[in-house]
Amino acid sequence: QVQLVESGGGLVQAGGSLRLSCAASGGTFSSYVMGWFRQAPGKEREFVAAINWSGGSTNYVDSVKGRFTISRDNGKRTVALQMNSLKPADTAVYYCAADYSPLTAVLHTASRDYDYWGQGTQVTVSS
């Protein structure tokens, strides 16, 4: 069983930056692909970014490429999402998720492929 706790959300003006962090407990952290998803009001949950067990492979939704960076620290059992040049369209609840995929290069983008979820952190970008 893996428990995930997100932090770092908040209110920021357009063009600003935020750094989200997700702390994991339980399980073997390095056996999990870690992902970030987001859900805006009235919309379905959307894939944002994922990173493989070693941090050597990442994947992003097109709308955040060049602005967001996902990273992980297996020693600290954390995954981060650095968000720069934020836009009002980035406003959503952001969720950290874990997909049990040891030693894989496959980075799933569908929420159904992820086994564990955090409770989410609100990110609001004002115009």
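Rules and cut-offs
Residues numbered from 1 in each chain as written. Predicted model: local features only at pLDDT ≥ 70, side-chain atom pairs only at ≥ 80, totals over all residues. Heavy atoms only, no water. Helix = DSSP H or I, 4+ residues; strand = E, 2+ residues; numbered from the N terminus. Buried < 20%, exposed > 50% of the residue type's maximum accessible area, 1.4 Å probe, protein only. Contact = heavy atoms within 4.5 Å. Polar contact = N/O pair within 3.5 Å; in protein donor to acceptor, adjacent residues only side chain to side chain. Pairing = 2+ DSSP bridges. Axes fitted to C-alpha atoms, helices over the stretch in contact; angles between N-to-C directions. Salt bridge = Lys/Arg side-chain N within 4 Å of Asp/Glu carboxyl O. Core = buried A, V, L, I, M, F, W, Y, C linked by side-chain atoms within 4.5 Å.

In this structure, Thr-124 sits in strand β11 (residues 121-126). Assessed through its relative accessible area of 29%, Thr-124 is described here as partly exposed. As a C-alpha pair, Thr-124 and Gly-10 span 114 residues in sequence and 6.1 Å in three-dimensional space. Sequence-distant contacts of Thr-124, defined by excluding residues within four places in its chain, comprise Gly-10, Leu-11, Val-12 and Thr-91. Reaching out from Thr-124, the side chain makes a polar contact with the side chain of Gln-122 at a distance of 3.3 Å.

Spatially, the four strands line up as an open sheet ordered β1-β3-β8-β7, and their pairing is antiparallel. The open sheet terminates on both sides in strands that have one partner only, identified here as β1 (3-7) and β7 (68-73). Here the average twist between neighbouring strands, direction ignored, is 15°. Relative to strand β8 (residues 78-83), strand β3 (residues 18-25) is paired through six bridges, and the arrangement is antiparallel. Looking across to β8, one finds that Ala-23 is bridged to Thr-78.

Applying the stated criterion across every chain, the model contains four salt bridges. Measuring nitrogen to oxygen at the nearest pair gives 2.7 Å for the salt bridge that ties Glu-46 to Arg-38. Between Asp-90 and Arg-67 there is a salt bridge, with the nearest N and O atoms lying 2.8 Å from each other. Of this pair, Asp-90 sits in the loop between β8 and β9 (92-100) while Arg-67 is found in the loop between β6 (58-60) and β7, placing the two residues 23 residues apart along the sequence. With a relative accessible area of 2%, Asp-90 lands in the buried category. Classification of Arg-67 as buried rests on a relative accessible area of 11%. When salt bridges that share partners are traced, they join Arg-38, Glu-46, Arg-67 and Asp-90 into one network.

A separate point is the nonpolar core. Where a protein is soluble and globular, its nonpolar side chains tend to be buried together. One finds Met-34, Trp-36, Leu-81, Met-83 and Tyr-94 to be the most contacted residues of the largest nonpolar core, which totals 28 residues. Among the elements of the structure, β3, β4 (32-39), β5 (46-51), β7, β8, β9 and β11 are those that each provide at least two residues to this core. Not counting the four nearest positions on each side in its chain, Met-83 is found in contact with Gly-16, Ser-17, Leu-18, Leu-20, Arg-67, Phe-68, Tyr-94 and Val-123. Counting residues in hydrophobic clusters, the runner-up holds seven residues, among them Val-33, Ala-50, Leu-107 and Tyr-114.

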